[in-house]
Amino acid sequence: MAYEVFSRKTSRVGTPMITFTGLGRIALNKASTRFLEKDAVEFVILLWDKEARRMAIRPITKRDARSYRVSYGVKGNGAGFSAKTFLDFIEYDYSVTRSFPVEWNDKENMLELDIPVEAFKDKRQRRLLPIETP
């Protein structure tokens with residue numbers, strides 16, 4: 001019997017996800033990467049809302065001192081960049097690799113995600129507690 005080469009007819013479509021790796025990298029799956037690929041994005045800036053524990057990744061057109069260079073997978077299966085300094089700044093615990101769903105915000109032209117309190121180094125610091133008055 002002769003073998004026949006299988007031609008894949010459809011590409012995978014999934015939920016846009018972001019992964020924070022144990023090496024301090026931010027990795028985007030293929031579904032998330034599509035938002036950057038459509039405009040051939042090379043650089044992004046990271047935004048942080050401490051009170052809401054909400055992060056955003058905004059594509060930019062020119063290199064900026066605050067930007068991160070995006071590297072695309074050679075097989076076209078995702079993208080990523082090193083963000084250890086950012087993760088240290090927000091006190092994220094990247095000793096464990098975790099993935100989170102992301103959403104594309106058309107109005108602001110950026111990927112957004114909520115990071116749960118359990119993902120931070122000091123969980124007590126990240127809770128939104130009322131200010132005590134003497």
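Coordinates for the structure precede this section.
Attention here is on the structure that accompanies the text.

The rules behind these values
- Residues numbered from 1 in each chain as written.
- Predicted model: local features only at pLDDT ≥ 70, side-chain atom pairs only at ≥ 80, totals over all residues.
- Heavy atoms only, no water.
- Helix = DSSP H or I, 4+ residues; strand = E, 2+ residues; numbered from the N terminus.
- Buried < 20%, exposed > 50% of the residue type's maximum accessible area, 1.4 Å probe, protein only.
- Contact = heavy atoms within 4.5 Å.
- Areas by Shrake-Rupley, 256 points an atom, 1.4 Å probe, with all protein chains shown as cover.
- Core = buried A, V, L, I, M, F, W, Y, C linked by side-chain atoms within 4.5 Å.
- Pairing = 2+ DSSP bridges.
- Phe/Tyr/Trp six-rings, centres within 6.5 Å; stacked < 30°, edge-to-face > 60°.

Let us look at the overall build of the chain. In terms of regular secondary structure, the chain is built from three helices and ten strands. The linear arrangement of helices and strands in the chain, starting from the amino end, is β-β-α-β-β-β-β-β-α-β-β-β-α. Among the 134 residues that make up the chain, the fraction classed as buried is 37%. Counting only contacts in the chain whose residues sit at least 6 apart along the sequence, the fraction spanning at least 24 positions is 58%. Here the chain has roughly 9400 Å² of accessible surface; of this, 53% comes from carbon and sulfur atoms.

Core analysis: the largest hydrophobic core is formed by 28 residues, its most contacted members being F20, I26, F81 and I115. Among the elements of the structure, β1 (17–20), β2 (25–29), β3 (43–49), β4 (54–60), β7 (78–82), α2 (84–89) and β10 (110–114) are those that each provide at least two residues to this core.

An order of β5-β3-β4-β10-β9 is seen for the five strands of this open sheet, with the pairing classed as antiparallel. Here the strands that pair on one side only, and so sit at the sheet edges, are β5 (68–69) and β9 (103–105). In the sheet, β3 pairs with β4 via seven bridges, with the strands oriented antiparallel. Each bridged residue has a counterpart across the sheet, and for L47 the counterpart in β4 is A56.

Now for the packing of aromatic side chains. Tallied over the full model, the rule gives seven aromatic pairs. On the numbers, 5.6 Å between centres and 40° between planes, the contact of Y68 with F81 is tilted. In this pair, Y68 sits in strand β5 while F81 sits in strand β7, placing the two residues 13 residues apart along the sequence. Residue class for Y68 comes out buried when judged on its relative accessible area of 16%. Between Y92 and F120, the ring centres sit 6.2 Å apart and the planes meet at 80°, which makes this aromatic pair edge-to-face. Within this pair, whereas Y92 is found in the loop between α2 and β8 (98–101), its partner F120 is found in the loop between β10 and α3 (123–126), the two being separated by 28 residues in sequence. A single burial state applies to Y92 and to F120, both of which are buried.

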